[in-house]
Amino acid sequence: MTGPDAGLSAGPSKPLLSVLKGESLSLPPMWLMRQAGRYLPEYRALRAQKGGFLELVYDSPAAAEVTLQPLRRFGFDGAILFSDILIVPYAMGQNLWFETGEGPRLAPILGETDLSALKPDLSRYEAVYETVRRVKAALDPSVTFLGFAGSPWTISTYMVAGQGSKDQGAARRLAYQDPERFGAIIDAIIESTVTYLSGQIDAGVEAVQLFDSWAGSLAPLQFNRWVIEPNRRIVEKLKSLHPGVPIIGFPKGAGAKLADYAAGTGVDAIGVDETIDPHWANRVLPEGLPVQGNLDPLALIAGGRAVEESVDNIRAAFARRPHILNLGHGILPDTPIAHVEALIAYVRQGKGS
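Note that this is a predicted model, so its numbers are computed, not measured.

Draft legend 1. Fine view of the overall build of the protein. Helices and strands together make up the secondary structure of the protein, namely 15 helices and nine strands. Here the C-alpha radius of gyration of the protein, 19 Å, is about what a compact globule of 353 residues would show, namely 20 Å. Structurally, the protein occupies a C-alpha span of about 55 × 45 × 40 Å along its principal axes. In the protein, which comprises 353 residues, the proportion classed as buried is 56%. When contacts within the protein are restricted to residue pairs at least 6 apart in sequence, those whose partners lie at least 24 apart make up 73%. Of the roughly 14000 Å² that the protein leaves accessible, carbon and sulfur atoms contribute 51%.

Draft legend 2. Quick look at the pattern of salt bridges. Across all of its chains, the model carries 16 salt bridges by this definition. Among the salt bridges present, the one from aspartate 77 reaches arginine 348, with a minimum N-O distance of 3.2 Å. Of the two residues, aspartate 77 sits in the loop between α4 (60-74) and β1 (78-80) while arginine 348 sits in helix α15 (residues 337-348), which places them 271 residues apart along the sequence. For aspartate 77, a relative accessible area of 14% gives the class buried. Of the residues examined, arginine 348 reaches a relative accessible area of 34% and is grouped as partly exposed. Here lysine 239 ties to aspartate 268 by a salt bridge, and the two come within 2.7 Å at their closest N and O atoms.

Draft legend 3. Local environment of unusual backbone geometry. Cis geometry is adopted by the peptide bond preceding asparagine 294, which originates at glycine 293 and carries an omega value of -10°. As for its placement among the helices and strands, asparagine 294 is situated in strand β8 (residues 291-295). One non-glycine residue, arginine 34, adopts positive backbone phi at about 60°. Positionally, arginine 34 belongs in the loop between α1 (15-20) and α2 (41-50). The phi angle at glutamine 168 is positive, at roughly 55°, despite the residue not being glycine. In this structure, glutamine 168 sits in the loop between α7 (152-161) and α8 (169-177). Residue classification places glutamine 168 among the buried positions, given a relative accessible area of 3%.

Draft legend 4. Structural detail: the confidence of the model for the protein. Chain-level pLDDT for the protein is 93 on average; 95% of the residues reach the 70-or-more range. Confidence over residues 1-10 falls short of pLDDT 50; this stretch has 20 contacts with residues more than four positions distant or in other chains.

Draft legend 5. Representation of the layout of surface pockets in the model. For the largest pocket, the calculated volume is near 1400 Å³. The wall of the largest pocket is formed by 45 residues, among which Arg34, Arg38, Phe53, Asp84 and Pro104 lie closest to the centre. Sorting the residues of the lining of the largest pocket by element identifies α2, α3 (53-57), β2 (96-99), β3 (103-106) and α7 as the ones contributing at least two each. A class-by-class count of the residues in the lining of the largest pocket yields 22 nonpolar, 14 polar and nine charged.

Draft legend 6. Spotlight on the side chain of aspartate 273. Mapped onto the elements of the fold, aspartate 273 is located in the loop between β7 (269-272) and α12 (278-284). Buried within the structure, aspartate 273 lacks any salt-bridge partner; its nearest side chain of opposite charge belongs to lysine 252, at an N-O separation of 5.5 Å. A polar contact is formed between the side chain of aspartate 273 and the backbone nitrogen of glycine 253, at a distance of 2.7 Å. One polar contact links aspartate 273 to threonine 275, side chain to side chain, over a distance of 2.5 Å. The residues contacting aspartate 273, other than those within four sequence positions of it, are Phe250, Pro251, Lys252, Gly253, Ala254, Asn294 and Gly328.

Draft legend 7. A look at the environment of glutamate 23. Its location among the elements puts glutamate 23 in the loop between α1 and α2. Under the relative-accessibility criterion, glutamate 23 is labelled partly exposed at 23%. Distance in space between the C-alpha atoms of glutamate 23 and valine 284 is 19 Å, their sequence separation being 261 residues.

Thresholds applied
- Residues numbered from 1 in each chain as written.
- Predicted model: local features only at pLDDT ≥ 70, side-chain atom pairs only at ≥ 80, totals over all residues.
- Heavy atoms only, no water.
- Helix = DSSP H or I, 4+ residues; strand = E, 2+ residues; numbered from the N terminus.
- Rg over C-alpha atoms; globule rule 2.2 N^0.38 Å.
- Buried < 20%, exposed > 50% of the residue type's maximum accessible area, 1.4 Å probe, protein only.
- Contact = heavy atoms within 4.5 Å.
- Areas by Shrake-Rupley, 256 points an atom, 1.4 Å probe, with all protein chains shown as cover.
- Salt bridge = Lys/Arg side-chain N within 4 Å of Asp/Glu carboxyl O.
- pLDDT = per-residue confidence, 0-100.
- 1 Å grid on protein atoms, 1.4 Å probe; cavity = no way out; pocket = protein on both sides within 12 Å on 5 of 7 lines; lining within 4 Å.
- Points joined across faces, edges and corners; volume = space filled by probe spheres on them.
- Nonpolar A, V, L, I, M, F, W, Y, C, P; charged D, E, K, R; others polar.
- Lys, Arg positive; Asp, Glu negative; His and termini not counted.
- Polar contact = N/O pair within 3.5 Å; in protein donor to acceptor, adjacent residues only side chain to side chain.

Right, dumping it as structure tokens:
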């Protein structure tokens, strides 16, 4: 873009993909993080039928169905692949399972266990690629198909500790105490992630998102080393393999480091979480860089004026910038479906501009 009004238009065949490539639209395209998930009764029914989360991910017809469910119900502009960020360490050879009511578990690599003890099995990606192919064949041509992976820092926190934690303390300690060993873990994640995302692209996704859900837990120097640099390497490798495929970076909790992340990683678009003032983000981010976000998931639960005021503020902030309307993090299980419908109607009727 060469100026604030450059590219302002409406009606491209794939609105979301157009925005990711730098076009500003009069109405922002929409999708919601975790839109295929626990707030939908049709998802809960299918998961109960399959017996568990991992079983659902690895049943390609069922995972494709889950990916498509929110499209049928809401008509979003983007479909996000139904899978899990921990498929990467699973393919790297780490044992993965899900504890009912507690979430994912991995056999931790914190103690004496070394990466060399893991036996990678890239065939564990194949079911995900089959899901992509099935969804691609069923998608409306106007919908942009998004793949994703977890970023190396976030993945490493699970690999080291074996589960999620409030402060990612185990990985942070290892990164300080033995940066060489921790760096080897990050390097291995980078390579496996590039393979995984490249496979998703080959199977049919049109853009990918890198989720760094725990980026906010790191001090500035550690952030540069374990968030910016690994994501930069992934972006560089993917662009050499798939030039023209947009990459969205989502460093949740980056705060004041958001602009450094955008400049340092080379992502094509950046996700903004709900804690960030969108007007500030618009000022500090590179001119013309597409942004995604940043409605508070709790505002969506509240609905009504809470949503409308937030949407008005977000759209005002990003009025002259390519913008995808999304949440600042994943949709919550107790979100009323009627509130999602009202959000879509409010935006698409040209309100909130």
